[in-house]
Structure formats: C-alpha cells, structure tokens
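Descriptive structure summary
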Amino acid sequence: MTVSYEKITPPTTGSKITFSDGKPLVPDDPIIPFIRGDGTGVDIWPATAKVIDAAIATAYGGQRKIHWFKVYAGDEACEIYGTYQYLPQDTLTAIKEYGIAIKGPLTTPIGGGIRSLNVALRQIFDLYACVRPCRYYAGTPSPHKTPEKLDVIVYRENTEDIYLGIEWKQGTEIADKLINYLNTELIPATPEHGKKQIPLDAGIGIKPISKTGSQRLVRRAIERALTLPKPKNQVTLVHKGNIMKYTEGAFRDWGYELAKSEFRDVCVTEMESWILSNKEKNHDLSIEDNARMVEPGYDALTDEKKAKICQEVTSVLDAIWETHGNGQWKDKIMVNDRIADSIFQQIQTRPDEYSILATMNLNGDYLSDAAAAIVGGLGMGPGANIGDTCAIFEATHGTAPKHAGLDRINPGSVILSGVMMLEYIGWQEAADLIKKGIAAAIANRQVTYDLARLMEPPVNPPLKCSEFADAIISHFGD
Ligand SMILES: NC(=O)C1=CN([C@@H]2O[C@H](COP(=O)(O)OP(=O)(O)OC[C@H]3O[C@@H](n4cnc5c(N)ncnc54)[C@H](OP(=O)(O)O)[C@@H]3O)[C@@H](O)[C@H]2O)C=CC1
Ligand SMILES: O=C(O)CCC(=O)C(=O)O
Ligand SMILES: [Mg+2]
C-alpha cells in the first residue's frame, strides 16, 4: 500500500527498516525519521546529525549511510501544519512506516493545553521500555566523589502509571461525582479502608499498573541482564510497594513471578539466594532456623506468619536446591527489589551494587534524572523508547528553554542517544567511534558550559554546542 503524506516527502534514496520478532532488520541505507525538537533542539540536532554521519562515514567508508527524513513535532510542526498541530499525522505515519526514529526534546505546556508530546509518542507506538543508561566518562566533573562507580541502566515502564493521564480537575462535575461515589459506595464497601474519606475539594488521578505492562518491562530488563557480565547481571525491581500495595507492590510481585516462571533456569531472587546459602553453610539447618535467618524479627511473628515463611523456605529448597544449590545460584541473574526512596540514596552510597533498575513510569522519570546528575548531569543522559515494532531515541532532558538558540547547550545526551540507536541497529563500529570521541573530548577538557563550570580548574571559555560536536569528530582518529 502506498503511504501518502500531506506536507513531507521521504528521501528518494534509502530503504526501510523492518521488524521481525521484535528485532530490527536493517539495510545499509536505512531511512530514519528525525524530529529536531523545541528549545535547545535547534542547537542539539545539527550537532548530533553531524557526529552520527561522520562516525558512520569513518567506520564504513561509504558502505553504510543513514538517509535522514525530517518530520515535524512541537513548535516547528505548528509553523508548518497550523496552530495546535503539535503532532501531525504525517509524523506518526512516517515513524510507523520507518520503524526507528530519533528526536530532540519537545516542550510540554504546564497545566492544561496539550498533554506531553513525548509521552504521546511513547503511548501511540507502544514503546513500553524506556531505557536510560547512566555511566561515567572519565574526566567528567560530578558533584559525587566516586561517580565512576555508578553504571546503571534504568528500565522504565513507559506507557502506564500516572502517565496514562487519566485525571480530573478539582471542582469539576466528574471529579465531584467520582469523589462522592468513592466516599459513599466504594470505600465503605472495602473494610481495609476503614473510615477514610477523600477530601471533597481534591483533584483525582488514576494510577493504573497492569500485570501485562509490568511483566513485559521486567522481561526486557532481565533479557538485558543476561547479556551483562558478573556482577552486573542483576535486576533490581524499584517500587513503593509498602505504601501502594496493589500498584507498586504488585509491580514487584509480578516482576518476581515473571523471573521465577519465564527465567527459572537462569534467575535467582535475593530471598532464594539467602535461603540456599544458609543451607550451603549448614546442611543440617532446620527449615525454621533458615526462616529465622532470612526474616529478621521471626520470633515476634504470629504463628500464621511463621508458618508462611517456613512454607516459603521449604518450597524454595524443594523447587531449586538441585538446580541452584551448592553455589550454582552465584552464576544466575540476581533479581532483587528496593523501595523507591531507598534506591535514591543507594545509588549514591552504594553505587557499584546496582546495575539494571526496573521501574514504573514515574519512579523511572525521577530516578533517571537523579542518576544522570551523578555521572555529569543532564547533558550526559541518553535514552531509548523501545517497543516490539518501533523505537524512538531521545535524551533524558527537556528543552532547557533558557539556553535555546545560543549554541551553548551540551548535545551529549542526544548524541549518546544516537549511539544507542546505532547499537540498536547493529552498527557498533560507528557507535564505538562516537563513544571514543566523547571520552577523548572530555579527557582533553573540550567541553560545553555545563561540564566546564564544574571542572577543576573551570574551563574558560567552554566550547559551544557545535564546537563540542567538532571536538568529538576530531578524536575519531586518535
Ligand atoms: N523527553 C522530552 O522531550 C522532555 C521534555 N521535557 C520538557 O522540556 C521543557 C523544559 O523542562 P525543564 O524542567 O526546564 O527541564 P530540562 O531538562 O529541559 O532543563 C532543566 C535544566 O537541566 C539542564 N539541562 C537540560 N538539558 C541539558 C543539556 N543538554 N546540557 C546541559 N544541561 C542541560 C539545564 O540546567 P542549567 O541551566 O543549570 O545548566 C536546564 O536548565 C518542559 O516543557 C518539559 O516538559 C522535559 C523532560 C523530557
Ligand atoms: O514529556 C515531558 O514533558 C516530560 C517527560 C520526562 O520528563 C521524561 O520522559 O523524562
Ligand atoms: Mg524526566
């Protein structure tokens, strides 16, 4: 079927990327749509395209080339398509058609107007895994004393949670109706809620966390962990399940359930590892003493709770002692969980103990900015939104409007998002060249304002955005 566009024209040369079993099949001349982005997108995108094109040319000497297809979103789209046309159908058609795209940041108006274009793109294309690696480049200034110890990848569920955007403004008819219904019907019918009541002047938001959404994200996280060497072959389920039992707590439970069902041979949970290792140290250890060792405060528990823990110890030993016992578990993927607030301090106090952090949408949004700050700030925070038939690469940061058009912002995050894209399409040699160029530029103190001001002594004057791109390219041949 011929695809038609209203105001854009695909490149006349180049071929399409297709997907098979969730993996891209990439020709040597792929057509890749790009969205320039709002705000600092005007500075960052040209710098990014220049670096990616130069790396491909250097790595493959003309054998491979990306054919860029400019598509529009955000302010630029409104200029071309008309007022409020922030996300034109042309753009959606092009991304669907070509499968892989890269974008600069897009502005989200606060309170009212359109909801986030960035979130809309993730939901429209069902890009359920937001992958945000945070690793340190030597020489990058950091507020942290040992930033090199942090090497984590945030795997953020990207389509649900409060980002589904189902909420009602305080004082509206539906908000009032819903509060009344909850207060008079649903809450009283749920004994565990006691006499709780929602304040009558509240706004209401819905936080859906589904089993399907949680498990497909955790599946991707575990699959990634399987590719990592020890001790980074681990997945931490991040949640606030102690407070939100049926959403965040369920995410944790479904994550463990998936690990123990689909990945049983290659996974061990932290709890299982304790139970197995207790028995390894003392083969005559009773079930109850093992339970006492894995559950602090065991002796103060009710008989019912004690029985439950003993039952868990028994079932772990029955199920996996043969396959995982006697130290075999040490070669498996470790799956553990941490409470969300705790992980924010853990990545600072014990950064080297973590690797893949599987999160729900909101926690992952917060955590990816925080982790990027440790390794050098938002100028060094790349990302990818991955689905089964489409992927869109974009930085962790936003449009940084106060720096827009000044040719000063750090293009590092979008360039590194380009590196992720090259790795995703299997063009590793080009990706490696860019990483080498960035590392060398930083080591040589050739940096933009954000890193320059933190360096000791500060770099003055810093490089412009465009100059940083040139510096990266100049180190390809080092
Ligand atoms: N995926 C996307 O497209 C995203 C879009 N947004 C949207 O972007 C807009 C602006 O959001 P805002 O809250 O200001 O957050 P931003 O991430 O855009 O910027 C906040 C601050 O982070 C620093 N920063 C951001 N990008 C870079 C960079 N490339 N290099 C160096 N430093 C950087 C700057 O700090 P300093 O000035 O101190 O140097 C900047 O002022 C909003 O509309 C928001 O919704 C937000 C996040 C993601
Ligand atoms: O789209 C937005 O405005 C914010 C998105 C965001 O902060 C993120 O994806 O990290
Ligand atoms: Mg964010």
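Our structure's up above, just so we're on the same page.
A short tour of the structure in this document, coming up. Within any chain, residue numbers begin from 1 and follow the written order of that chain's sequence. Written order decides the labels, with chains lettered from A and ligands numbered from 1. Owing to the predicted nature of the model, reporting of local features is limited to residues with pLDDT of at least 70; listing and counting of side-chain atom pairs is limited to 80 or more, with chain, interface and lining totals taken over all residues. Just so you know, side-chain values use all the structure's heavy atoms and leave hydrogens and water out.

**Re the nonpolar core**
Remark: nonpolar core denotes a set of buried residues (Ala, Val, Leu, Ile, Met, Phe, Trp, Tyr, Cys) joined through side-chain atoms within 4.5 Å. For every residue, the accessible area obtained with a 1.4 Å probe (protein chains only) is divided by the maximum for its type, and the residue is called buried under 20%, exposed over 50%, and partly exposed between those limits. Counting 79 residues, the largest nonpolar core has I66, W68, I222, F393, L422, I434 and I438 as its most contacted members. What counts as a helix is a DSSP run of H or I of at least four residues, what counts as a strand is a run of E of at least two, and both are numbered from the N terminus. It is helix 1 (residues 41-60) that provides the largest number of residues to this core, a total of 10 residues. In this analysis, two residues are considered to be in contact whenever any of their non-hydrogen atoms come within 4.5 Å of each other. Aside from chain neighbours lying at most four places away, what touches W68 is P11, I32, F34, W45, I52, D53, I102 and M421. Ranked by size, the runner-up nonpolar core spans 24 residues in total, among them I31, A94, I95 and L121.

**Some remarks on the packing of aromatic side chains**
By convention, a stacked pair of Phe, Tyr or Trp rings (six-membered ring in the case of Trp) has centres within 6.5 Å and planes under 30 degrees apart, an edge-to-face pair has planes over 60 apart, and any other such pair is tilted. Summed over all chains, the structure comprises eight aromatic pairs. Consider the rings of Y5 and F69, whose centres lie 5.7 Å apart with planes at 90 degrees: the pair is edge-to-face. Taken together, the positions of Y5 in the segment before strand 1 (18-20) and F69 in strand 4 (residues 67-71) put the pair 64 residues apart, joining distant regions of the chain. As far as burial versus exposure is concerned, Y5 and F69 are alike and both buried. Ring centres of F69 and Y98 lie 5.8 Å apart, and the angle between their planes is 90 degrees; on these two criteria the pair is classed as edge-to-face. Here F69 is found in strand 4, whereas its partner Y98 is found in helix 3 (residues 89-98), with 29 residues between them in sequence. On the basis of relative accessible area, F69 is assigned to the buried category, the value being 1%.

**Here's the deal with the site of ligand 1**
Among the 23 residues in the neighbourhood of ligand 1, the closest are listed as G398, A400, H403, N410 and Y449. Any pair of N or O atoms that falls within 3.5 Å is considered a polar contact. Within protein, one atom must be able to donate a hydrogen and the other to accept it, and sequence-neighbouring residues count only if both atoms are side-chain atoms. One of the backbone N or O atoms of L106 is found 3.0 Å from an oxygen atom in ligand 1. At 2.5 Å, a side-chain N or O of Y449 approaches an oxygen atom of ligand 1. Areas reported here follow the Shrake-Rupley algorithm with a probe of radius 1.4 Å; residue values treat only the protein chains shown as occluding. In isolation ligand 1 exposes 870 Å². Once the protein is present, 71% of that is buried. Residues are counted as near a molecule or strand when any one of their heavy atoms sits within 4 Å of it.

**Concerning the pairing of strand 10 (residues 234-239)**
Summarising burial for strand 10: six of the six residues are buried, a large majority. Because side chains alternate across strand 10, one face comprises the buried residues Q234, T236 and V238, and the other comprises V235, L237 and H239, equally buried. By the convention used here, strands pair only if DSSP detects at least 2 bridges between them. Pairing of strand 10 with strand 12 (residues 333-339), which is carried by six bridges, proceeds in the parallel orientation. Bridge pairing in strand 12 places L237 opposite D337. Relative to strand 13 (residues 356-359), strand 10 runs parallel, the two sharing three bridges.

**Comments concerning the sheet that holds strand 3 (residues 31-35)**
Spatially, 11 strands are ordered 4-3-5-15-14-6-7-13-10-12-11 in an open sheet, and the strand pairing comes out mixed. The two strands at the open ends of the sheet, each matched to only one other strand, are strand 4 and strand 11 (267-269). Direction aside, neighbouring strands of the sheet carry axes that sit 25 degrees apart on average. Alignment of strand 5 (residues 100-103) against strand 15 (residues 391-393), held across three bridges, turns out to be parallel. Note on strand 15: the bridge partner recorded for I102 is F393. For every element, the axis is a line fit to its C-alpha atoms; helices are fit only across the contacting stretch, and the angle between N-to-C directions ranges from 0 to 180 degrees. Across the sheet, helix 11 (residues 340-349) touches strand 10, strand 12 and strand 13, and the angle it forms with strand 12 is around 110 degrees.

**As for the packing of helix 1 against helix 13 (residues 412-424)**
It is the contact of helix 1 with helix 13, at a shortest axis distance of 9 Å, that shows an interaxial angle of 40 degrees. The angle between helix 1 and helix 13 falls in the class oblique. The hand of the helix 1/helix 13 crossing is right-handed. Across the interface between the two elements, I44, A47, T48, V51, I52 and I56 of helix 1 pack against V414, I415, G418 and L422 of helix 13. Here the residues of the contact of helix 1 with helix 13 sort into eight nonpolar, two polar and no charged. For classification, angles of less than 35 degrees are called roughly parallel, those exceeding 145 degrees roughly antiparallel, those between 65 and 115 degrees roughly perpendicular, and all remaining angles oblique. Should the near helix be turned anticlockwise from the far one by less than a right angle, the crossing is termed left-handed; should it be turned clockwise, right-handed. Residue type decides the class: Asp, Glu, Lys and Arg count as charged, Ala, Val, Leu, Ile, Met, Phe, Trp, Tyr, Cys and Pro as nonpolar, and the leftover types, Gly among them, as polar.

Functional significance is not addressed by these values, which are geometric in nature.
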